[in-house]
Amino acid sequence: MVISFAIIILFGTFLLLLPKSTTNGISFIDALFTSTSAVCVTGLIVVDTANAFTTLGKTIILFLIQIGGLGIMTLTTFIAFLMGSSGRLKEYSAIQTLLGEENLGRIRNTIFIIGISTFAIEAIGAFSIYEFIDASFFRNEGERIYFALFHSISAFCNAGFSIDSQGLLNPNLKFNSGLLLTVGSLIVLGGLGFPVISNLGKKFSLARFKDKRLRTLSIHSKLVLITSGILILVGTFFFFILEYERTLQNFSIPYKFLVALFHSISARTAGFNTVDMGSMATSTMFIMVILMWIGASPGSTGGGIKTTTFAVSFINIFSIASGRERAEMFKRQISEISVIKAFSTVILSVSFIAFTIFILLLTEPFKFEDLLFEVVSAVSTVGLTRGITNLLSDPGKIVIILSMFFGRIGLLSIFLILIKRKPRGKYD
């Protein structure tokens, strides 16, 4: 997976360096940054996507976003399924953990459901965006269709890329309630994760009448849905209260709530914004950093430590405090290895973020809070910024590139690759 992501990023870099991909050319480091941001579905940009790239360049970015969002293995297996090819057992075993599918024999069907669901959701989202945006905002019908398609894929893949120079900050877009609700819904669906989407699809499918096992949600799906719902509500509440007299002061109360809800959703995974991040209160920024750090769910298009990791860590702390010897949820015991992985992920994430900030403090002239926001946004592949991304030095850009890459692959996965596994000791 690491090699495939690296190859796609380099391939995308060279495509973006083609003369017909940009309007006035682009440096290698900026092309690499853009390609990494697209494949890692982050959304941080060092050049204006709308003006720096031609239609071909924007389409290349969209292609990279789709590949990065679905995942290399998922996409290639889906294509093989459509072509009638049968994968090897080793390949299915490799993708089994990624998708969270318990039955190895159902991998192909699960991937087929994921592929069809993804393209169906993106198509519905594109149609909805098309209907909500004003035709007078575009020069022709083709631009309107392309805008809707681009933002639907970018939203579902939690990429945060926009082909408007101002993004959703554009006055013609940020007051469009239908557009914000559509984009927000796409972000939520993309952030839930493919295992949850697959589980929900089976629960509401006709097959559930024949198989009783399909009628109930898995423990994983329940945990993801509950944790995601709580985080969205908590984020909305704090954003609404803290920004009521600041970035939200000129809006009506219903629209203030909508903007707060949208940013609570977007902060965890996507990176779209309709208010100036640099104008937020420091307290709001702190809440946004926590939401970005937690991120989306396993097997999704988003990053972060994941909702399940956060939930399992919290449940384990509560279990210890209440005197229990094991962590439990929904009358089920959480395996010890899951608890260990959760805490390992948390420690690795905090350590990596701290180390990255320290490096940037040596190379960049920006405030600590701005660098903290930027690094967490990169590691969690969110894409929100306080306006310093395009001002980074080349060493700073390289640090952020590595942060996006490691964040998308997973810090624990990187350690599993680098450290040789040791046999279990013959003692207790």
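Draft legend 1. Quick look at the pattern of salt bridges. Counting across every chain of the model gives 5 salt bridges. Taking the shortest distance from any N to any O, the salt bridge between Arg139 and Glu143 comes out at 2.5 Å. For Arg139, a relative accessible area of 75% puts it in the exposed group. A relative accessible area of 24% means that Glu143 is categorised as partly exposed. Note that Asp370 is salt-bridged to Arg386, the shortest N-O span being 2.6 Å. Of this pair, Asp370 sits in helix H17 (residues 368–379) while Arg386 sits in the loop between H17 and helix H18 (394–409), placing them 16 residues apart in sequence. Across this residue pair, the class does not change: Asp370 and Arg386 are buried.

Draft legend 2. Main features of the side chain of Asn176. Relative to the helices and strands, Asn176 is located in the loop between helix H9 (171–174) and helix H10 (177–192). Assessed through its relative accessible area of 14%, Asn176 is described here as buried. One polar contact links the side chain of Asn176 to the main-chain carbonyl oxygen of Phe132, over a distance of 2.9 Å. A polar contact is formed between the side chain of Asn176 and the backbone nitrogen of Gly178, at a distance of 3.3 Å. Residue contacts for Asn176: discarding those within four places in its chain leaves Phe132, Ile133 and Tyr255.

Draft legend 3. Geometry of unusual backbone geometry. Within the chain, Lys306 stands out as a residue other than glycine whose phi angle is a positive 90 degrees. Among the structural elements, Lys306 can be located in the loop between helix H14 (282–294) and helix H15 (307–321).

Draft legend 4. Structural detail: the packing of aromatic side chains. What the rule picks out here adds up to 12 aromatic pairs. Here the aromatic rings of Tyr146 and Phe150 are separated by 6.2 Å at their centres, their planes lie at 45 degrees, and the arrangement is tilted. Of the two residues, Tyr146 and Phe150 both sit in helix H8 (residues 141–156), 4 residues apart, roughly one turn of that helix. Judged by relative accessible area, which is 21%, Tyr146 ranks as partly exposed. Taking the centre distance of 5.4 Å and the plane angle of 70 degrees together, the rings of Phe240 and Tyr244 count as edge-to-face. Three or more aromatic residues joined by ring pairs make a cluster, and in this case those are Phe137, Phe138 and Phe147. Positioned above the aromatic ring of Tyr130, the side-chain terminus of Arg144 is 3.9 Å from the ring centre. The ring of Tyr244 carries the charged tip of Lys256 above its face, separated from the ring centre by 3.5 Å.

Draft legend 5. The nonpolar core, seen in detail. Core analysis: the largest hydrophobic core is formed by 102 residues, its most contacted members being Ile65, Val183 and Phe373. The dominant element in this core, judged by the number of residues it contributes, is H14, at 8 residues. When residues no more than four places from it in sequence are discounted, the contact partners of Ile65 are Ala38, Val41, Ile153, Ser154, Cys157, Ala159 and Phe161.

Draft legend 6. Main features of the side chain of Asp164. Residue placement: Asp164 occurs in the loop between H8 and H9. Buried and without a salt bridge, Asp164 has Lys58 as its closest oppositely charged side chain, separated by 9.4 Å. Polar side-chain contacts of Asp164 include one of 3.1 Å to the side chain of Asn170.

Draft legend 7. Looking closely at the packing of helix H2 (residues 28–39) against helix H4 (residues 55–70). One can describe the packing of H2 onto H4 by two numbers: an axis separation of 7 Å at closest approach and a directional angle of 40 degrees. Comparing the axis directions of H2 and H4 gives the class oblique. On H4, the residues touching Thr34, Ser35, Ala38 and Val39 of H2 are Ile61, Leu64, Ile65 and Gly68.

Draft legend 8. Broad picture of a nonpolar patch on the surface. Nonpolar side chains collect at one region of the surface, where Ile226, Ile230, Val234, Phe237, Phe238, Ile241 and Phe330 lie side by side and expose about 620 Å² of accessible area between them. Mapped onto the elements of the fold, Phe238 is located in helix H12 (residues 219–242). Given a relative accessible area of 33%, Phe238 falls into the partly exposed group.

Draft legend 9. View of the packing of H8 against H10. With their axes 7 Å apart at the nearest point, H8 and H10 run at an angle of 40 degrees to one another. In terms of their interaxial angle, H8 and H10 are classed as oblique. Judged by residue contacts, Ser152, Ala155 and Phe156 of H8 engage Val183, Leu186, Ile187, Leu189 and Gly190 from H10. Among the residues forming the contact of H8 with H10, the class breakdown is 6 nonpolar, 2 polar and no charged.

Conventions we followed
Residues numbered from 1 in each chain as written. Predicted model: local features only at pLDDT ≥ 70, side-chain atom pairs only at ≥ 80, totals over all residues. Heavy atoms only, no water. Salt bridge = Lys/Arg side-chain N within 4 Å of Asp/Glu carboxyl O. Buried < 20%, exposed > 50% of the residue type's maximum accessible area, 1.4 Å probe, protein only. Helix = DSSP H or I, 4+ residues; strand = E, 2+ residues; numbered from the N terminus. Polar contact = N/O pair within 3.5 Å; in protein donor to acceptor, adjacent residues only side chain to side chain. Contact = heavy atoms within 4.5 Å. Phe/Tyr/Trp six-rings, centres within 6.5 Å; stacked < 30°, edge-to-face > 60°. Lys NZ or Arg CZ within 6 Å of the ring centre and 35° of its normal. Core = buried A, V, L, I, M, F, W, Y, C linked by side-chain atoms within 4.5 Å. Lys, Arg positive; Asp, Glu negative; His and termini not counted. Axes fitted to C-alpha atoms, helices over the stretch in contact; angles between N-to-C directions. Parallel < 35°, antiparallel > 145°, perpendicular 65-115°, else oblique. Patch = residues over 30% accessible without salt bridge, like charges linked within 9 Å, V, L, I, M, F, W, Y side chains within 5 Å. Areas by Shrake-Rupley, 256 points an atom, 1.4 Å probe, with all protein chains shown as cover. Nonpolar A, V, L, I, M, F, W, Y, C, P; charged D, E, K, R; others polar.

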